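The lines below spell out each chain.
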Amino acid sequence: MVVRKKRKISAFTIVNTVLLALVTLLMLYPFWYIIIGSVSSTNYIYSGKMLLLPDQINLDAYVTMLSNKRVVQSFFNSLFVTLTGTFLSMVLTFMGAYVLSKKYLPYRSFLTLFLVFTMLFEGGMIPFYLLVNKLGMTDTIWSLIIPGCISTYNLIIMRNFLMTIPIELEEAAEIDGAGQLGIMLKVYLPLAKSVMATVTLFYAVSYWNSFFWATIFLNDSKYWTLQVILRELVLMANAAAIDSANGTMITENAKMALIIITSLPIIMVYPFLQKYFVKGMLVGSVKG
């Protein structure tokens, strides 16, 4: 008869678990507060009684926001910026990282240092605006995509990952008659799934959440993204703000509903990329 010893749980494990659980609750509660507020009445929100549960389950706030033409148009603007920007950024970032990962590339160290320099020093907001304006992208949706197409941070992450792939795989592909394009697409790209998923998530979140440059470059409201509309409505001090475009009243629960609508797309994307994301950004082994 085999006697199994009971596993002792240390005091550190108990304290650590409790603290992490509390931190998790502190992080999730604001989001839960917005959810219950979005399905509650405005009077209940301002009564000070709203804590864990709503007073009712009413989806009128979501109907109001989803039937608002400005919100719908801005949603599709954000969707276009995110999908187009992420695709272009991934193509350019992967191509740049592939080239910089080659040890036989002339002046590779200088080019890498040149890119890192841009992370530490920049011209500033005014020269950046003047550049975008001179390129004719002001008041166009492309002003939110083209200027930030490549992130040096993401490029370095991907470059470091590609450098861990054995050079023997490239040499074997060359013996089989593959060119540089074939090696990049058929050898390196399939092995870089984890880092590609991670960087894709970084770019998508960045494009979806960006609003500052939209307020700088876009004067025409038809190009505004969802985050700009959200900022305009949420920052209004009145409990019942007036939508200047159509004169409708935007109540507090409607603002909370818009916050949920804005956050939901990225939250829905994350589970599909999680299995790659948890592998880390700098995986040092070859995944075949």
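None of the values given here were measured: they were computed from a predicted structure.

Undergrad: Where do I start with the overall build of the protein in this structure?
TA: Along the protein, the regular secondary structure elements total 13 helices and 2 strands. The proportion of buried residues among the 288 residues of the protein is 34%. When the accessible surface of the protein is totalled, it reaches about 17900 Å², and 69% of it is carbon and sulfur.

Undergrad: Would you mind showing me how to read the pattern of salt bridges here?
TA: It is possible for side chains bearing opposite charge to pair when their charged atoms get close. By the definition in use, this model includes 1 salt bridge. Of the charged contacts, one joins Glu170 and Lys102 as a salt bridge, the two residues approaching to 2.6 Å between their closest N and O atoms. Here Glu170 is found in helix α8 (residues 167–175), whereas its partner Lys102 is found in the loop between α4 (69–100) and α5 (108–120), with 68 residues between them in sequence. Both residues of the pair, Glu170 and Lys102, count as buried.

Undergrad: Just to check I follow, could you spell out the nonpolar core for this structure?
TA: The nonpolar side chains of soluble globular proteins are, as a tendency, buried together. Core analysis: the largest hydrophobic core is formed by 54 residues, its most contacted members being Phe94, Met158, Leu162, Tyr188, Val195 and Leu258. When neighbours within four sequence positions are excluded, Leu258 is seen to be in contact with Met65, Val71, Leu226, Ile229, Leu230 and Leu233.

Undergrad: Is there a simple way to explain the packing of aromatic side chains in this structure?
TA: Within a pair of aromatic rings, the relevant descriptors are the distance that separates the centres and the angle that separates the planes. By the definition in use, this model includes 13 aromatic pairs. Here Phe75 and Phe76 contribute two aromatic rings whose centre-to-centre distance is 5.8 Å and whose plane-to-plane angle is 80 degrees, an arrangement assigned as edge-to-face. Accessibility expressed as a relative area gives 26% for Phe75, which makes it partly exposed. Looking at Phe76, the relative accessible area reads 52%, which means it is exposed. Three or more aromatic residues joined by ring pairs form one cluster here, namely Phe128, Tyr129, Phe212, Trp213 and Phe217.

Undergrad: Before we go on, may I ask you to explain the layout of surface pockets in this structure?
TA: Leftover empty space is mapped by rolling, across the atoms, a probe with the size of a water molecule. What the largest pocket holds in volume is close to 1000 Å³. Only α5, α6 (125–134), α7 (152–162), α10 (193–209) and α11 (212–217) provide two or more residues apiece to the lining of the largest pocket. Take the lining of the largest pocket: its biggest share by element is 5 residues, from α6. For the lining of the largest pocket, the class distribution of residues is 24 nonpolar, 10 polar and 1 charged. Here the second largest pocket defines a volume of roughly 190 Å³.

Undergrad: Honestly, the side chain of Thr84 in this entry has me stumped. Any pointers?
TA: Within the secondary structure layout, Thr84 lies in helix α4. Within the local environment of Thr84, its side chain forms a polar contact with the backbone oxygen of Phe80, the two atoms lying 2.9 Å apart. Apart from the residues lying within four places of it in its own chain, the contact partners of Thr84 are Trp142 and Ile145.

Undergrad: What's the story with the packing of α4 against α7 in this structure? I'm lost.
TA: For any two helices packed against each other, one specifies the inter-axial angle together with the distance between the axes. With their axes 8 Å apart at the nearest point, α4 and α7 run at an angle of 50 degrees to one another. The orientation of α4 relative to α7 falls into the category oblique. The hand of the α4/α7 crossing is right-handed. Residue-level inspection shows Met90, Thr93, Phe94, Gly96, Ala97, Tyr98 and Leu100 of α4 in contact with α7, the latter providing Asn154, Leu155, Met158, Arg159 and Leu162. Looking at the contact of α4 with α7, its residues break down into 8 nonpolar, 3 polar and 1 charged.

Undergrad: Mind showing me how you'd approach the packing of α4 against helix α12 (residues 226–234) here?
TA: Where α4 meets α12, the axes come as close as 7 Å, and the angle between the chain directions of the two elements is 140 degrees. Regarding the angle of α4 to α12, the classification is oblique. Taken together, the residues of α12 that come into contact with α4 (itself represented by Arg70, Val71, Ser74, Phe75 and Ser78) are Leu226, Gln227, Ile229 and Glu232. Classifying every residue of the contact of α4 with α12 gives 4 nonpolar, 3 polar and 2 charged.

So, how was this worked out
- Residues numbered from 1 in each chain as written.
- Predicted model: local features only at pLDDT ≥ 70, side-chain atom pairs only at ≥ 80, totals over all residues.
- Heavy atoms only, no water.
- Helix = DSSP H or I, 4+ residues; strand = E, 2+ residues; numbered from the N terminus.
- Buried < 20%, exposed > 50% of the residue type's maximum accessible area, 1.4 Å probe, protein only.
- Areas by Shrake-Rupley, 256 points an atom, 1.4 Å probe, with all protein chains shown as cover.
- Salt bridge = Lys/Arg side-chain N within 4 Å of Asp/Glu carboxyl O.
- Core = buried A, V, L, I, M, F, W, Y, C linked by side-chain atoms within 4.5 Å.
- Contact = heavy atoms within 4.5 Å.
- Phe/Tyr/Trp six-rings, centres within 6.5 Å; stacked < 30°, edge-to-face > 60°.
- 1 Å grid on protein atoms, 1.4 Å probe; cavity = no way out; pocket = protein on both sides within 12 Å on 5 of 7 lines; lining within 4 Å.
- Points joined across faces, edges and corners; volume = space filled by probe spheres on them.
- Nonpolar A, V, L, I, M, F, W, Y, C, P; charged D, E, K, R; others polar.
- Polar contact = N/O pair within 3.5 Å; in protein donor to acceptor, adjacent residues only side chain to side chain.
- Axes fitted to C-alpha atoms, helices over the stretch in contact; angles between N-to-C directions.
- Parallel < 35°, antiparallel > 145°, perpendicular 65-115°, else oblique.
- Left-handed = near helix turned anticlockwise from the far one by under 90°.

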